[in-house]
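Overview (structure and organization)
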Amino acid sequence: VRLAAFVLGPCALLRSSPVRVRPASCGSDRREDVVMLAARARLCAAGACPGGAAAAIGVDAARWRAAHPGPGLPPVIKSAWLAAGATPEEPKDGPPAGAVVSLVEAGSSKHIGWGIWNPHSAQNRVRVLEHGRASDCIASDYIHQSLRARLLEAVSLRRRVLGLPDAMTDAYRLVNREGDFLSGLAVDVFGHELVVRSSSLWTELHRDDIQELLRLAFADHGEFASKIHWQRDVDALTADGFREHFGYKLESADADSGSLDAVGGLDATAPVTIRELGVKYLIHPGSGKKTGHFVDQRENRGRLRSLVETMVASWGLTKNDQPLKVLDLFCYSGGFAMNAALCPGVVATAVDMTAEAVSIAQANAVENGIAERMTVVNDNAFTFLQEEAAAGKEYDVVVCDPPRGAYGSADRQEEFKKCEAYHRRINRRSMSVLRRGGVLVTCSCSQVLVQARSLLKLVQQAAALEGRTVRLLRRTGSGPDHTIHPSWLPDGHLEALWLVVD
């Protein structure tokens, strides 16, 4: 009975009308209540619950409000923000993973919101679904209804405010984790195919609901999702307790369409052609890097095209003049190089060390009719830059967009130092092939740098080592479809600096 009264459980799979549970103190038959609670415990253990009271979790409001000054709840309640004695420390004594819990202010017992409990995560103990709306019970399909509302909001924002998709763009971020109040869930749209990137235990537990509701959300806006790929963020899910809950270790992040066993390689999904600001890309949704395409750089790729168009026009270049030379390092699908090469009077060189990326970039250059103005090189970026500098070659524009590094250190400060050293070194090498007065576009998606706003300092240090000076033209990030929660990674996950290097 104690367990039954304490647990709501992952109940989204059962569709029934809300059922209110009468507390034993309300004059009801005690024996009848015991039978009801025992039955509910068996249903919850099976993964379904016909409504009822949720476990109450005490939250130290003063501690989380210091980090989250807004009127609502932060998207995640960390273990450190829970009140002492709010819930048993051992998972076996508390709510199970995926249970809906009622969040109350410690001391006052005031209900402040609902969330999904995870006993396996020391950092992300509660993923908040809703704040306010006090109630002494939960509908059996609460998670289903909450998810449906959030997904409809996300689709509506992209359609009505951002105008996505449109005639020029059909690839964008539909759900951006905390920025859309769905912590641990990201969804990218590629034409009529969707890629879900799961990075939390609760999304794995409610996978069927998420996929069903994504199809319904699209249908409500007159569109259809022909295929939904499910991709797992292995590192995030490992930290969130995937192995403890499911009993096996994740090995691959590549997407699969039905089973829990991941499918790897670019052949795992059929290629599709997407449009981004009028540029065509051949991608494999859910395979390769990220979700198959770096949609977060869309706006920056467009800015680069505008920049080189302006430079060509202002320089008055003709077909008999030396073309403007653009270098795209860590090019992956060749996005920056293609946007530059689409401008007449520009030649672009794209560099990536993986054969798969080189193949994709070459195919994309052909698809956009710019293969003659775009060269793709299969090489390590550091080695390529060293050889180009030794040969005395120079470029007018260099784009440096390295992947987020895995520096093999559990210590955050040690990781930060290694990350700094890496970015300092690659930016110095990039400047070694950049003509004086040229433009460097340097990016970082490393959280430790972006949140610390350290990239500009590192670029200045690199310039000093190279005997150069820099001037900042602008600082940009991801596109507006990558919504940001102001109390959770307020600077986003991506930073791009646009600099003149003298």
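For the structure, check the block above.
Summary of the structure given here. (Residues numbered from 1 in each chain as written. Predicted model: local features only at pLDDT ≥ 70, side-chain atom pairs only at ≥ 80, totals over all residues. Heavy atoms only, no water.)

The subject of this paragraph is the packing of aromatic side chains. Under the criterion given, the structure shown has 5 aromatic pairs. Ring geometry for Trp-114 versus Tyr-142: centroids 6.1 Å apart, planes at 55 degrees, classification tilted. Of this pair, Trp-114 sits in strand β4 (residues 111-117) while Tyr-142 sits in helix α4 (residues 142-161), and the two are 28 residues apart along the sequence. Per residue, the accessibility class of Trp-114 equals that of Tyr-142, and both read buried. Here Arg-474 stacks its cationic end above the ring of Trp-498, 5.9 Å away from the centre of that ring. (Phe/Tyr/Trp six-rings, centres within 6.5 Å; stacked < 30°, edge-to-face > 60°. Helix = DSSP H or I, 4+ residues; strand = E, 2+ residues; numbered from the N terminus. Buried < 20%, exposed > 50% of the residue type's maximum accessible area, 1.4 Å probe, protein only. Lys NZ or Arg CZ within 6 Å of the ring centre and 35° of its normal.)

Between Leu-164 and Pro-165 the backbone carries a cis peptide bond, its omega angle lying at 0 degrees. Of note, Pro-165 is situated in the loop between α4 and β6 (171-176). Non-glycine residue Phe-330 carries a positive phi angle of around 55 degrees. Tracing the backbone through its elements, the reader meets Phe-330 in the loop between β12 (324-329) and α10 (335-341). Here the phi dihedral of Arg-453 falls at roughly 50 degrees; this positive angle occurs in a residue that is not glycine. Secondary-structure assignment places Arg-453 in the loop between α14 (447-452) and α15 (455-466). For Arg-453, a relative accessible area of 41% gives the class partly exposed.

An ideal rise of 1.5 Å per residue puts 20 Å on 14 residues; helix α6 (residues 207-220) measures up with 20 Å between its terminal C-alpha atoms. Phi for Gly-222, located one or two positions after α6, is positive at around 75 degrees. (Expected span 1.5 Å × (residues − 1).)

Purely geometric numbers; function is a separate question.
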